[in-house]
Amino acid sequence: MGNSSSMLTQYDIEEVQQHCNHTFSQQEIVALYQRFCQLDRNGIGFISSDEFLSVPEFAVNPLSQRLLRMLEGLNFKEFVAFLSAFSSRASLQQKVEFIFKVYDTDGNGKVAFHDMLDILRDLTGQFISEQQREQVLTRVLEEAGYNKDSFLVQSDFMKILGNSGLRMEVEVPVD
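Nothing here was measured: the structure is a model prediction, and the numbers come from that model. (Residues numbered from 1 in each chain as written. Predicted model: local features only at pLDDT ≥ 70, side-chain atom pairs only at ≥ 80, totals over all residues. Heavy atoms only, no water.)

A.B. asks: I tried to follow the overall build of the chain on my own but got confused; where do I start?
C.D. replies: The helix and strand inventory of the chain stands at 10 helices and zero strands. Its helices and strands in sequence order give the chain the pattern α-α-α-α-α-α-α-α-α-α, from N to C terminus. For the chain, the share of sequence-separated contacts (at least 6 apart) that also reach a separation of at least 24 residues comes to 61%. If you sum the accessible surface of the chain, you get close to 10100 Å²; carbon and sulfur atoms cover 51% of it. (Helix = DSSP H or I, 4+ residues; strand = E, 2+ residues; numbered from the N terminus. Contact = heavy atoms within 4.5 Å. Areas by Shrake-Rupley, 256 points an atom, 1.4 Å probe, with all protein chains shown as cover.)

A.B. asks: Help me understand the environment of Phe76 in this model?
C.D. replies: Among the structural elements, Phe76 can be located in helix 6 (residues 76-84). You can call Phe76 buried: its relative accessible area is 1%. Considered as a pair, Phe76 and Val16 are 60 residues apart in the sequence and their alpha carbons are 8.5 Å apart. (Buried < 20%, exposed > 50% of the residue type's maximum accessible area, 1.4 Å probe, protein only.)

A.B. asks: Any chance you could explain the packing of helix 1 (residues 10-19) against helix 6 here in plain terms?
C.D. replies: Any two packed helices are characterised by the angle at which their axes cross and by the distance between the axes. Between helix 1 and helix 6, whose axes approach to 9 Å, the crossing angle comes to 40 degrees. The angle between helix 1 and helix 6 places the two elements in the oblique class. Our pair here, helix 1 against helix 6, has a crossing hand that is right-handed. Mapping the contact onto sequence places Glu15, Val16 and His19 in helix 1 and Phe76, Lys77, Val80 and Ala81 in helix 6. Residue classes in the contact of helix 1 with helix 6 are distributed as four nonpolar, one polar and two charged. (Axes fitted to C-alpha atoms, helices over the stretch in contact; angles between N-to-C directions. Parallel < 35°, antiparallel > 145°, perpendicular 65-115°, else oblique. Left-handed = near helix turned anticlockwise from the far one by under 90°. Nonpolar A, V, L, I, M, F, W, Y, C, P; charged D, E, K, R; others polar.)

A.B. asks: Mind showing me how you'd approach the pattern of salt bridges here?
C.D. replies: Where charged atoms from two side chains of opposite charge come close, those side chains can pair. Inspection of the entire model under this criterion finds seven salt bridges. Salt-bridge contacts for Asp122 lead to Arg66; the nearest nitrogen and oxygen are separated by 2.7 Å. You can see Asp122 sitting in helix 8 (residues 113-124) and its partner Arg66 sitting in helix 5 (residues 64-71), a full 56 residues away along the chain. Between Glu130 and Arg121 there is a salt bridge, with the nearest N and O atoms lying 2.5 Å from each other. The class of Glu130 is partly exposed, set by a relative accessible area of 29%. Residue classification places Arg121 among the partly exposed residues on the basis of a relative accessible area of 31%. When salt bridges that share partners are traced, they join Asp118, Arg121, Glu130 and Arg133 into one network. (Salt bridge = Lys/Arg side-chain N within 4 Å of Asp/Glu carboxyl O.)

A.B. asks: How do you make sense of the UniProt feature "domain: EF-hand" (unreviewed entry) in the chain when you look at a structure like this?
C.D. replies: The feature "domain: EF-hand" (unreviewed entry), as annotated in UniProt, sits at residues 91-126 in this numbering. The straight-line gap between the two end C-alpha atoms of residues 91-126 is 34 Å; of that span, 67% is helix and 0% is strand. (UniProt positions renumbered as here; feature names shortened; annotations may be inferred.)

This is the structure in C-alpha cells:
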C-alpha cells in the first residue's frame, strides 16, 4: 500500500475499511485505490496539493485552499478516511466532524465568528457585501442561540447541524 505500483491485498482492503469505519465497500476501496494511484503521479504513495488540484471538481471548489491544508501529503489510508465523510454510509457525527475541521483552521478546537465569516467569504465571493455576510451570520448564530462573541466547539456544530438533513455525498464509480 506504500507506493502506487503495489497492489492492494485483502488485508489492506480490510484494514482501510476498518480505518474509515466501513463507510466504503471493498469494491469502492479498490476503485478509490485506482483513483489514488492516478493522482499520485510521482508514485511515492502520497498525494501532494498540486496533484489534488489536478482534479477539476476540487480545483474549482471555493473551499479548495482550506481543504488543501487538511490534505497535504495524504497516504492512501488517510485519503480514504478524508473521503469517508462524503460517503452515504457516513454517520452525521462523521460529517459534522469533517465540517468542523474545515472551519477550525487553526486546529484549536474552537470556531470563532471570524472563522465562520472567512468561510462565508470564500463561499460567496463578491456576490454579497461584507456587511451582508456579517448580518447573515449574526442572524444564523442568534437563531441557534449564540452570538458574535461565541466560540463554537464540535458539539455546538452537532447541535446546529444535527437536524439540518445534512447531505454531503459523492458516488464512487465501481466497474
